[in-house]
Amino acid sequence: MTIKNLVAPPTGAEVDRWADTVVAAHTADLPGVPAPSRLEIAGRLRVPPARGRAALWTADGGAGVAALLLFTEEANRTTAYLDVLAVHPDARRRGTGTALWRTVREELLADGRTSVATTLDLGGPGQAFAQSLGFENVLPMAWYVQDLPRDPAAADAAEAAAPVPPGYALLSWHGLVSDDWAGAVAAAHGAMQDAPAGDVDVQIEAWTPQVLHAAHRLILDRGGELTTVAAVTEAGEVAAYTELVLPDPDGVRALQYDTVVVPAHRGRGLGRAVKAHMQALTARRHPRLRQIATTVADENIPMRAVNEALGYRRERGTAYFQLTLDGAAGPRP
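Quantities reported herein were computed from a predicted structural model and do not represent experimental measurements. Numbering of residues starts from 1 in every chain and runs along the sequence as written. Reporting of local features is limited, given that this is a predicted model, to residues whose pLDDT is at least 70; pairs of side-chain atoms are given and counted only at 80 or more, and all residues count toward the totals for whole chains, interfaces and linings. As a rule here, side-chain values come from all non-hydrogen atoms in the structure, and water together with hydrogens is ignored.

## Brief notes about the overall build of the protein chain
For the record, the criterion: For the purposes of this entry, the term helix denotes a DSSP run of H or I that reaches at least four residues, the term strand denotes a run of E that reaches at least two, and both are numbered from the N terminus. Note on method: radius of gyration uses C-alpha positions; expected globular size equals 2.2 Å times residues raised to 0.38. Buried residues are those whose accessible area, probed at 1.4 Å on protein chains only, stays under 20% of the maximum for their type, while exposed residues exceed 50% and partly exposed ones sit between those limits. Whether two residues are in contact is decided by their heavy atoms: any pair within 4.5 Å suffices. Every accessible area reported is derived by Shrake-Rupley at a probe size of 1.4 Å, with residue values counting cover from the shown protein chains alone. Here Asp and Glu are counted as negative and Lys and Arg as positive; His is not counted, and neither are the chain ends. By convention, charge coordinates are those of NZ in Lys, CZ in Arg, CG in Asp, or CD in Glu.
Across its full length, the protein chain carries 9 helices and 12 strands. In terms of C-alpha radius of gyration, the protein chain reaches 20 Å, essentially the compact-globule figure of 20 Å for 333 residues. Projected onto the principal axes, the alpha-carbon positions of the protein chain cover approximately 65 × 40 × 35 Å. Each of the 333 residues in the protein chain was classed as buried or not, and the buried ones make up 48%. Looking at the protein chain alone, contacts between residues at least 24 apart form 73% of all its contacts between residues at least 6 apart. Surface accessibility of the protein chain: about 15300 Å² in total, with carbon and sulfur atoms responsible for 53%. Where the 31 positive side-chain charges of the protein chain centre and where its 38 negative ones centre are 4 Å apart.

## Topic: the environment of Ser 178
Quick note on the threshold: Here a polar contact is recorded for every N or O atom pair within 3.5 Å, except that within protein the pair must consist of a potential hydrogen donor and a potential acceptor, and residues adjacent in sequence are included only if both atoms are side-chain atoms.
With respect to the element layout, Ser 178 can be found in the loop between strand E7 (168-174) and helix H6 (179-189). A residue is classified by how much of its surface remains accessible, and Ser 178, at 23% relative accessible area, is partly exposed. Remark: the alpha-carbon pair of Ser 178 and Thr 233, spanning 55 residues in sequence, is separated by 17 Å. In this structure the side chain of Ser 178 is engaged in a polar contact, spanning 3.1 Å, whose partner is the side chain of Trp 173.

## Observations concerning helix H7 (residues 209-221)
The condition is simple: Each residue after the first adds 1.5 Å to the expected span of a helix.
Across its 13 residues, H7 extends 18 Å between first and last C-alpha, which sits within 8% of the 18 Å expected from 1.5 Å per residue. By the burial criterion, the buried members of H7 are Leu 212, His 213, His 216, Leu 218 and Ile 219. The secondary structure elements touched by the buried residues of H7 are H6, strand E8 (225-233), strand E9 (238-246) and strand E10 (253-261). Positioned one or two residues after H7, Gly 223 has a phi angle of 100 degrees, which is positive.

## So, the pattern of salt bridges
Spelled out, the test is: Whenever Lys or Arg places a side-chain nitrogen within 4 Å of a carboxyl oxygen from Asp or Glu, that contact is recorded as a salt bridge.
Applying the stated criterion across every chain yields a total of 15 salt bridges. The salt bridge partner of Glu 14 is Lys 4, with a shortest N-O separation of 3.3 Å. Note that Glu 14 is positioned in helix H1 (residues 12-29) and Lys 4 in strand E1 (residues 3-5), a separation of 10 residues in sequence. The exposure class of Lys 4 is partly exposed, given its relative accessible area of 44%. Here Glu 107 makes a salt bridge to Arg 53, at a shortest N to O gap of 3.3 Å. Note that Glu 107 is positioned in helix H3 (residues 96-110) and Arg 53 in strand E2 (residues 52-59), a separation of 54 residues in sequence. On the basis of relative accessibility, which here comes to 12%, the residue Glu 107 falls in the buried class. On the basis of relative accessible area, Arg 53 is assigned to the partly exposed category, the value being 34%. What emerges from the salt-bridge pattern is a single network uniting Arg 53, Arg 77, Glu 107, Asp 111 and Arg 113.

Right under this line is the structure:
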């Protein structure tokens with residue numbers, strides 16, 4: 001079996017083979033759930049991550065693929081994230097996944113990493129494989145899906161049912177948050193510190209306007225679209241915000257990224273207000289879009305309640321799995 005390090009940026013043929021394997025594996029394991037598009041996959045392969053260094057491998061000409069994110073932030077220098085490890089259904093049970101994992105593990109140890117995490121759907125072959133390697137479920141979550149109304153007027157009615165409370169106003173940005181509000185949005189992001197995180201090793205970095213813009217620019221550079229909606233005070237504070245990402249602007253499913261309500265402003269319906277406004281904006285701007293999907297930790301009862309009130313339904317269980325590595329060789333010089 002041949003394991004090849006994929007040198008970035010990959011060729012069009014390499015992207016095609018990678019996409020074929022990822023989409024085939026996704027379709028086999030998650031029938032009925034929209035697979036990532038070639039545009040989304042190509043963007044992730046060709047545009048380097050903002051938070052670290054990517055390592056990419058293919059097995060047997062692309063029958064298996066693996067992508068590893070090695071964080072370069074000082075607080076996360078000893079951990080990493082396994083973004084992809086997929087084997088084409090036609091090539092399974094031949095040791096391809098095991099061979100790729102051995103290569104990934106060698107890279108982790110050589111780079112001085114003591115843990116690695118990944119996100120897996122529960123009950124599928126990925127979970128069984130990861131647990132056979134020693135990965136443990138450290139943060140149970142679930143995917144929730146909201147169907148967008150075909151008639152924008154229905155979205156407007158849902159928004160009207162979740163008005164922004166007195167003393168607040170709603171702002172939205174399509175693309176990057178404007179420079180004059182980036183600092184306030186970044187400050188509000190700090191409220192994520194109290195979100196359920198289980199026993200995850202990855203530390204949340206301090207958010208600054210520069211970090212915020214780098215994270216958002218990565219989405220845009222990879223071909224996606226981003227909208228941010230915020231509830232703001234007269235004093236210029238961001239009290240709550242939510243982010244919506246279209247990994248492929250022509251896709252049928254968008255992803256709800258972070259939704260944050262600053263502690264001092266909780267209990268006033270702001271989470272529901274910013275999400276309802278986002279739904280209405282999205283229905284008007286993207287008439288071909290059919291669904292919004294998001295993940296919520298099982299123990300995050302308040303956000304689950306907000307989502308339920310807005311019509312989200314549970315689609316499938318997922319979780320953050322983590323492995324502590326033994327025998328770390330120490331970082332490379």
